[in-house]
Amino acid sequence: MREVAIIGIGQTPVGEHWGRGLRELALEALEAALRDAGVERVDALLVGNMLSGQIEAQEHLGALVADFAGMHGVEAMKVEAACASGAAALRLGYAMVAGGLADRVAVVGVEKMTDASGEQITAALATAADADYEAVHGLTFTALNALLMRRYMHEHGYRREDFAPFSINAHRNAVHNPYAMLRFPITAEAFASARMIADPITLLDASPVCDGAAAVILCPAEEARAFQERPVRIRASAVATDTVALHDRRDPLWLEAAALSAHRAFQQAGVGPEDIDFFELHDAFTIMAALSLEACGFAPRGRGVALALEGAIFREGRLPIATMGGLKARGHPVGATGLYQIVEAVLQLRGQAGPNQIPHARLGMTQNIGGTGATVITHILEAMD
């Protein structure tokens, strides 16, 4: 197995892109990554996406994006793993380079959500739940996370307002991210009075519907400096799964796939939670941020919210999270989210995160979650000396 490095990154602003479709967004991010890497052609192209068939009536994205990019003849395919589609595409690209199947691989995550109505988006996202035992009963993803949050509050004695630091931190960091959708700060008072969506989840607990694309270029680590002055090594890439339906889990408040994925990544990288300088977690909802911190070993059971209340998750804390706004404030174009996390981690490890820079960042971790924790993909990245 060869070590793998990221030599190019690209992203579009996250938002409502009324004038551009899937292929245009994907091409913008891909071309930016190719320019950053100083590469014109690749051996393979992987496209992470969740909703194109349902919302855009367009599948076959590998060939579509390759065609639009002028990469005729290249190996290309779409990768889907619900909201973890972006990281799943990266995982396959990593395996191709590590296994010697390709030397240059482009990985793009893209999603176009705002062309559909709220009802259409809600129904499309629900396909990542169990169709026979959850979605058919009207359980949306907001409702499923509301059930988790209510149970968490009951078992551990928290109030809804105690989740505020997760959103406050995300919005604070998004202010300085030119690619973020919600670039404004919020207060604890605003969080407490936000409009209810599914009790106890409010508008400020949830990530927004949006469009966007992000991309990276991979190559063998031993060749990386020929393309990029500051390459970033992928120290670990790990995947785990759990039941799709919440009611089938031994403990709904324990993200077993997140714990397994993180454990495998730590073993692969030869590090532990204490070695991670920052964590780009999957904060689609504030409850998911708390559960992820616990599953990955950054906080004991029931102490994920306490970690946030103590200020440990802020840029100045011992474990900064959502350093460029996270899903909550950067936005969550679902199939692209995993690649946005990777791009932002690379910016931190290159020392290019601007006002959001984590001092002396050497080791970063990203975690992309599909469904309510049925597919979890963890990557650990390292700045190359």
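Look up a bit, the structure's there.
Not measured: the values here are computed from a predicted model. (Residues numbered from 1 in each chain as written. Predicted model: local features only at pLDDT ≥ 70, side-chain atom pairs only at ≥ 80, totals over all residues. Heavy atoms only, no water.)

**A closer look at the overall build of the protein chain**
Line of reasoning, step 1. Scanning the protein chain for helices and strands turns up 13 helices and 11 strands.
Line of reasoning, step 2. Expected size for 385 residues packed as a compact globule is a radius of gyration near 21 Å; at 19 Å, the protein chain falls within 12% of this value.
Line of reasoning, step 3. With the principal axes as the frame, the protein chain shows a C-alpha extent of 55 × 45 × 40 Å.
Line of reasoning, step 4. By residue count, 63% of the 385 residues in the protein chain fall in the buried class.
Line of reasoning, step 5. At a minimum sequence separation of 6, the contacts of the protein chain that also span at least 24 residues come to 78%. (Helix = DSSP H or I, 4+ residues; strand = E, 2+ residues; numbered from the N terminus. Rg over C-alpha atoms; globule rule 2.2 N^0.38 Å. Buried < 20%, exposed > 50% of the residue type's maximum accessible area, 1.4 Å probe, protein only. Contact = heavy atoms within 4.5 Å.)

**Observations concerning the packing of aromatic side chains**
Line of reasoning, step 1. On inspection of all chains with the given rule, the structure shows four aromatic pairs.
Line of reasoning, step 2. Between Tyr152 and Tyr158 the ring centres are 5.7 Å apart and the planes differ by 10°, which places this aromatic pair in the stacked class.
Line of reasoning, step 3. Measuring from ring centre to ring centre gives 5.1 Å for Phe279 and Phe298, while their planes differ by 40°; the resulting arrangement is tilted. Taken together, the residues span a long stretch of sequence, with Phe279 in strand 9 (residues 278-280) and Phe298 in the loop between helix 10 (286-295) and helix 11 (304-309) at a distance of 19 residues.
Line of reasoning, step 4. For Phe279, a relative accessible area of 0% gives the class buried.
Line of reasoning, step 5. Overall, Phe298 belongs to the buried group, its relative accessible area being 9%.
Line of reasoning, step 6. Through successive ring pairs, a cluster of aromatic residues spans Tyr152, Tyr158 and Phe163. (Phe/Tyr/Trp six-rings, centres within 6.5 Å; stacked < 30°, edge-to-face > 60°.)

**Structural notes on the environment of Leu218**
Line of reasoning, step 1. The topology assignment puts Leu218 in strand 7 (residues 212-220).
Line of reasoning, step 2. Taking relative accessible area as the criterion, Leu218 reaches 0% and is therefore assigned buried.
Line of reasoning, step 3. The spacing of Leu218 and Arg249 is 31 residues in sequence and 36 Å in space, taken between C-alpha atoms.
Line of reasoning, step 4. If sequence neighbours within four positions are ignored, Leu218 has contacts with Val4, Ala5, Ile6, Leu90, Gly93, Tyr94, Val97, Asp103, Arg104, Val105, Val107 and Ile234.

**Observations concerning helix 7 (residues 164-174)**
Line of reasoning, step 1. Burial within helix 7 is extensive, with nine of its 11 residues counted as buried.
Line of reasoning, step 2. When helix 7 is considered as a whole, its buried residues turn out to be Ala164, Pro165, Phe166, Ser167, Asn169, Ala170, His171, Asn173 and Ala174.
Line of reasoning, step 3. For helix 7, the secondary structure elements touched by its buried residues are helix 8 (188-192), helix 10, helix 11 and helix 12 (326-330).

**Describing the nonpolar core**
Generally speaking, soluble globular proteins have nonpolar side chains that are buried together.
Line of reasoning, step 1. Counting residues in each nonpolar core, the largest one holds 76 residues, and the members touching the most others are Phe163, Phe166, Leu293 and Ile380.
Line of reasoning, step 2. Not counting residues within four places of it along the chain, the set of residues in contact with Phe166 comprises Thr286, Ala289, Ala290, Leu293, Gly304, Val305, Ala308, Ile313 and Ile321.
Line of reasoning, step 3. In terms of nonpolar packing, the next biggest core, distinct from the first, is built from 41 residues, Val4, Val79, Ala98 and Leu218 among them. (Core = buried A, V, L, I, M, F, W, Y, C linked by side-chain atoms within 4.5 Å.)

**Overview of the environment of Leu347**
Line of reasoning, step 1. Structurally, Leu347 can be placed in helix 13 (residues 337-350).
Line of reasoning, step 2. Considering only alpha carbons, one finds Leu347 and Arg230, 117 residues apart in sequence, at a separation of 9.9 Å.
Line of reasoning, step 3. Aside from chain neighbours lying at most four places away, what touches Leu347 is Ile9, Gln11, Gln352, Ala353 and Gln357.

**Regarding the state of the cysteines**
What makes a disulfide is a covalent bond joining the sulfur atoms belonging to two cysteines.
Line of reasoning, step 1. Enumeration according to the criterion identifies zero disulfides in this entry.
Line of reasoning, step 2. Between Cys296, a free cysteine, and Cys83, which holds the nearest cysteine sulfur, the sulfur-to-sulfur gap is 17 Å.
Line of reasoning, step 3. We classify Cys296 as buried; its relative accessible area is 3%. (Disulfide = S-S within 2.5 Å.)

**Considering the pattern of salt bridges**
Line of reasoning, step 1. Taken as a whole and assessed by the stated rule, the structure comprises 21 salt bridges.
Line of reasoning, step 2. In this structure, Arg104 engages Glu223 in a salt bridge whose closest nitrogen and oxygen atoms are separated by 2.9 Å. Of the two residues, Arg104 sits in the loop between helix 4 (85-98) and strand 4 (105-111) while Glu223 sits in the loop between strand 7 and strand 8 (232-241), which places them 119 residues apart along the sequence.
Line of reasoning, step 3. Residue class for Arg104 comes out buried when judged on its relative accessible area of 17%.
Line of reasoning, step 4. Salt bridges sharing partners connect three or more residues here, namely Glu3, Arg233, Arg235 and Glu382. (Salt bridge = Lys/Arg side-chain N within 4 Å of Asp/Glu carboxyl O.)

**Description of the packing of helix 4 against helix 13**
Line of reasoning, step 1. Contact pair helix 4 / helix 13: the axes reach a minimum separation of 5 Å and the direction vectors enclose 65°. Between helix 4 and helix 13, the interaxial angle falls into the category roughly perpendicular. Only Gly338, Leu339 and Ile342 of helix 13 make contact with helix 4, whose side of the interface consists of Gly86, Ala87 and Leu90. (Axes fitted to C-alpha atoms, helices over the stretch in contact; angles between N-to-C directions. Parallel < 35°, antiparallel > 145°, perpendicular 65-115°, else oblique.)

**Topic: helix 1 (residues 22-37)**
Line of reasoning, step 1. For helix 1, which comprises 16 residues, the first-to-last C-alpha distance of 23 Å matches the rise-based estimate of 22 Å (1.5 Å per residue) to within 8%.
Line of reasoning, step 2. Every buried residue of helix 1 is accounted for by Leu22, Leu25, Ala26, Leu27, Ala29, Leu30, Ala32, Ala33, Leu34 and Ala37.
Line of reasoning, step 3. Contacts from the buried residues of helix 1 go to strand 1 (4-11), strand 2 (44-48), helix 2 (52-55), helix 3 (61-68), strand 4 and strand 7.
Line of reasoning, step 4. Downstream of helix 1 by one or two residues, Gly38 has phi in the positive range, about 70°. (Expected span 1.5 Å × (residues − 1).)

**Some details on the side chain of Gln11**
Line of reasoning, step 1. Mapped onto the elements, Gln11 comes out in strand 1.
Line of reasoning, step 2. For Gln11, the contacting residues outside a window of four places in its chain are Ala29, Ala32, Tyr179, Ala213, Ala214, Tyr340, Val343 and Leu347.

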